[in-house]
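Given next are the chains, with one letter for each unit.
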Amino acid sequence: MQVRPTYFPRLAGERLDIALCRASAAVARAADTHAAEQGLGVGQHLVLKMLDTVGPCSQQALSEELRIDRSVMVTICDDLERGGCVRRERNPHDRRSYAVTITDAGRRQLAVAERSIPGHLDDTFKALTPDERTQLATLLGKLLGIPG
């Protein structure tokens, strides 16, 4: 028995959850491939970007804000610390936790990675017009509960 090659488009139209999952997986694969080419994992990039933007944070705050599992965050911070991109110091406001701080080397690595992002996004979302990309960002923000 042969499945008609037109089934998935119909399924995606009926099941937005499935369509979003498949689109998300494709975008995640593209991001992982791009990140590997840059030598900085997606999670590492996000952590450096947040630290550069908001300043020192606990691993818990990074995990919660970036929506990265705490155990994965430990590995990300370990790898960034080994690479000299961050340092962890006792949090002066809560001695039970560590404050993660971006280093100058981390800022340099982040800057290199950031330069390649616009081209990566243009390639990943080339099927969408600029207006459609803006609309997608708005819709995804709504789904994620981000005030618009």
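Residues numbered from 1 in each chain as written. Predicted model: local features only at pLDDT ≥ 70, side-chain atom pairs only at ≥ 80, totals over all residues. Heavy atoms only, no water.

Chemist: Please give an account of the overall build of the protein that cites residues and values.
Modeler: Of the regular secondary structure elements, the protein holds seven helices and three strands. Counting helices and strands in the order they occur from the N terminus, the protein gives α-α-α-β-α-α-β-β-α-α. Relative to a compact globule of 148 residues, whose C-alpha radius of gyration would be 15 Å, the protein shows 19 Å and is clearly more extended. Taking the principal axes of the C-alpha coordinates as reference, the protein spans close to 60 × 35 × 30 Å. Scored against the burial criterion, the 148 residues of the protein give a buried share of 27%. Pairs at least 24 residues apart make up 44% of the contacts formed inside the protein by residues separated by at least 6 positions. Taken as a whole, the protein presents about 10,400 Å² of accessible surface, with 56% of it coming from carbon and sulfur. Distance from the positive charge centre (20 side chains) to the negative charge centre (19 side chains) of the protein: 3 Å. (Helix = DSSP H or I, 4+ residues; strand = E, 2+ residues; numbered from the N terminus. Rg over C-alpha atoms; globule rule 2.2 N^0.38 Å. Buried < 20%, exposed > 50% of the residue type's maximum accessible area, 1.4 Å probe, protein only. Contact = heavy atoms within 4.5 Å. Areas by Shrake-Rupley, 256 points an atom, 1.4 Å probe, with all protein chains shown as cover. Lys, Arg positive; Asp, Glu negative; His and termini not counted. Charge placed at Lys NZ, Arg CZ, Asp CG, Glu CD.)

Chemist: Before we move on, can you summarise the pattern of salt bridges with the specific residues and values?
Modeler: Pairing between side chains of opposite charge can happen when their charged atoms approach one another. Under the definition given, this model contains eleven salt bridges. A salt bridge links D52 to R107, with the nearest nitrogen and oxygen atoms 3.1 Å apart. Of this pair, D52 sits in helix α3 (residues 42–54) while R107 sits in helix α6 (residues 104–124), and the two are 55 residues apart along the sequence. The salt bridge involving D122 is made with R133; its shortest N-O contact spans 2.8 Å. Pair noted here: D122 is in helix α6 and R133 is in helix α7 (residues 130–143), with a separation of eleven residues, a long-range link. (Salt bridge = Lys/Arg side-chain N within 4 Å of Asp/Glu carboxyl O.)

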